[in-house]
Structures are given as structure tokens and as C-alpha cells.
Amino acid sequence: MTYFSLSNESLYTFAISFVAIALVLFTLRIYTQVKARQALAVELAHRDNFALGISYASYLLSLVLIIGYLIDDFSLALMKQTPWKVPLLLVLMLLFVKVGQAIHRKWILSRFNEEKAILKQNVCAALVDSGMLLGNSIVVIGLVNWSQTNSLYSLLVVFVNFLMIQGIFALDSKVREAQFAKFNQGASLQTNFNLENTSIGIRYAGKSLGLALALYAGLASAEYYSGKMVENVFTLAVHCGFMWLAVKAMTRIVLMIVLYKVNTGVEVDQQDNVGIAAVVFCVYCAMGYLLIQFFT
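First, a word on scope: everything that follows refers to the structure included in this document. All figures in this text were calculated on a predicted structure; none of them were measured in a lab. (Residues numbered from 1 in each chain as written. Predicted model: local features only at pLDDT ≥ 70, side-chain atom pairs only at ≥ 80, totals over all residues. Heavy atoms only, no water.)

Turning to helix 13 (residues 274–295), a few remarks are in order. An ideal rise of 1.5 Å per residue puts 32 Å on 22 residues; helix 13 measures up with 32 Å between its terminal C-alpha atoms. Residues of helix 13 that are buried include every one of Ile-276, Ala-277, Val-280, Val-283, Tyr-284, Cys-285, Met-287, Gly-288, Leu-291 and Ile-292, and no others. Each element contacted by the buried residues of helix 13 is listed here: helix 10 (198–221), helix 11 (229–258) and helix 12 (264–270). Regarding helix 13, its N-cap is Asn-273, as a side-chain oxygen of that residue lies 3.1 Å from the backbone nitrogen of Gly-275 further along. (Helix = DSSP H or I, 4+ residues; strand = E, 2+ residues; numbered from the N terminus. Expected span 1.5 Å × (residues − 1). Buried < 20%, exposed > 50% of the residue type's maximum accessible area, 1.4 Å probe, protein only. Contact = heavy atoms within 4.5 Å. Polar contact = N/O pair within 3.5 Å; in protein donor to acceptor, adjacent residues only side chain to side chain.)

Now for a nonpolar patch on the surface. On the surface, Tyr-153, Leu-156, Phe-159 and Leu-163 cluster together into a nonpolar patch covering about 340 Å² of accessible area. With respect to the secondary-structure elements, Leu-163 resides in helix 8 (residues 152–183). (Patch = residues over 30% accessible without salt bridge, like charges linked within 9 Å, V, L, I, M, F, W, Y side chains within 5 Å. Areas by Shrake-Rupley, 256 points an atom, 1.4 Å probe, with all protein chains shown as cover. Salt bridge = Lys/Arg side-chain N within 4 Å of Asp/Glu carboxyl O.)

In this structure, Asn-197 sits in the loop between helix 9 (189–193) and helix 10. Exposure remark for Asn-197: the relative accessible area of 9% places this residue in the buried category. Within polar-contact distance, the side chain of Asn-197 engages the side chain of Ser-199 at 2.5 Å. In this structure Asn-197 touches Cys-124, Asn-192, Val-268, Asp-269 and Asp-272, once residues within four positions along its chain are discounted.

This next bit is on the side chain of Thr-251. Inspection of the secondary structure puts Thr-251 in helix 11. Classification of Thr-251 by relative accessible area gives buried; the value is 1%. Other than its neighbours up to four places away in sequence, Thr-251 contacts Val-283, Tyr-284 and Met-287.

Further remarks concern the packing of helix 7 (residues 123–147) against helix 8. Remark: helix 7 packs on helix 8, axes separated minimally by 11 Å, with the N-to-C direction vectors making an angle of 145°. For the pair helix 7 and helix 8, the crossing hand works out as right-handed. Across the interface between the two elements, Met-132, Gly-135, Asn-136, Val-139, Val-140, Leu-143, Trp-146 and Ser-147 from helix 7 touch Val-157, Val-158, Asn-161, Phe-162, Ile-165, Gln-166 and Phe-169 from helix 8. Grouping the constituent residues of the contact of helix 7 with helix 8 by class yields 10 nonpolar, five polar and no charged. (Axes fitted to C-alpha atoms, helices over the stretch in contact; angles between N-to-C directions. Left-handed = near helix turned anticlockwise from the far one by under 90°. Nonpolar A, V, L, I, M, F, W, Y, C, P; charged D, E, K, R; others polar.)

In this section: the pattern of salt bridges. Any two side chains of opposite charge can pair, given that their charged atoms come close. A complete count under the given rule lists seven salt bridges for this structure. Note that Glu-177 and Arg-111 form a salt bridge whose closest N and O atoms lie 3.2 Å from each other. Taken together, the positions of Glu-177 in helix 8 and Arg-111 in the loop between helix 5 (85–108) and helix 6 (114–119) put the pair 66 residues apart, joining distant regions of the chain. For Glu-177, a relative accessible area of 11% gives the class buried. Note on Arg-111: relative accessible area 53%, which makes it exposed. Among the charged side chains, a network of salt bridges with common partners joins Arg-105, Glu-115 and Asp-129.

This is the structure in C-alpha cells:
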């Protein structure tokens, strides 16, 4: 009778994964400590910087998601044949995530300094930044899974489509800002991030994650055309654009049902109602996940 069903290959793969995660997390800790300009333990434990803790946790989750995907996608035999491929893909995926975060910070939310706000213990800023960081991680995994990134040309295709998807993120963010201004007498959403309204941060993060999951569904349902740039960009634009509209429509209908006669805009924007924001967060993520289940 067999009581332990894991194979030696599974144990080796697990060991390699754990070592890789530990090394990358150690590097992340040093990087975060340098950015905070003091010992991370002091910033988190003694200053009780909850915002930095949320940001740090999102980095950890992002790294584990990417490393977990890579280890799951490559067998131990393939790692032995091309030992350079997994580390190279890891570096490239982390670079793409970092580029996506930079685009979000410097372009999409150009009037709001997230890094400075996080160091000032602004929880709203940490939630906004973390939502986009994890969203970009999901999208990068979807892009690599879609193209399999097995040549320099496929890497170029991934980069071009990554920029196209950043355009969708930017457009979605501008729609959110326009809606916020419409229902709050022309007020700026980016300015309100500085007011530390936690519920606005929760809602924004939920919408970012829901959109990222929907885009992953678009990537998973789209066909990859080897050696054809225009066809790939057009196909992903159609699939991801459809998923973006679908997640917004589905979420709107579900929120009308679960929050009947509740003005979510007033509750979140003006009353800082964390409970309502949490419901919105969950509904967006649930609808994004549902699209993945439907179209993958």
C-alpha cells in the first residue's frame, strides 16, 4: 500500500521552486528596505506602516504567482535540458511587471505620487498600487501563456501587446476618473487618493484586479498566430476589449442585485464605507474569475 504518492520529480521541483522563491524574496526585502530608507522591520513593526505592509505583501504575492506559474509550466526534464530558460523568463516577467507598474505610476496616475504616499502611511495609495501590481502580474502570466515566448519575435509580440493592454488599463482608469468627477461635483479621483479614503482604494484595487482577470480570459481565449504581428494585435484587441466590456456589464448587473437601492458612489466616495467597497471589490474579482472559467 502506498501512503506517500508524491514522486521524486515532484519533490525536486518543489525544492527548486522554494529555493527560487526564497532568493527572489530576499532580493525584494533588500530592495524594499532601500526604498523605505530604513530597516524594513523598523518601518513595519515600530512605525506600524500598514500601507507599506500592504505594498510589500502584494510584491510577495506577485513573485510567488509568477514563480509558481513558471515551475508549473516547465517540467524537471525540460529544466535540465534548458536550465537558462526559467531564470530568463522569470527576469523578463518581473521586468514586464515593473514596467507596467511604472506606466501606472508615471502615466496613468501621473498626478498622484504613490511611492511617497505609501511611505506616509496612506493605505488608500497602497491599495491602488497593489491592485495594479497584481493585475499586471496576472496579465503578464496570461501573455506568456498565450505566446509561450519561445523566440525573440514572440517576445516582441508580447511586448507590443503588453503596451496595448496598458492602453486598456489607462482607458479604464480614465473612465473611472470621469465617473468619479461626474458624481462628485467635478472632484479629481487622483486628488482624493491623497485624502486617505480607504474605501476608494479598495474599490479601485477590485476594479483593477477584475479587469486583469477579464483580460486574462481574453488572452486565454485568443489564438496565437506565429510570425504574424498584426493578426496577433488585432485578435487580442478584440478579445480583451470584449472581456473589458463584459466584466463591466456583468458587474453592473450583479451590483444592482446585491446592493439594491444602495448608492455605492455616495457610500464609497463620500461616506468611506469600507463594507460597500469590499462588496464591489469581491464582485469585480468574481466576475473576472467567472469569465476565465467561461472562456478558458
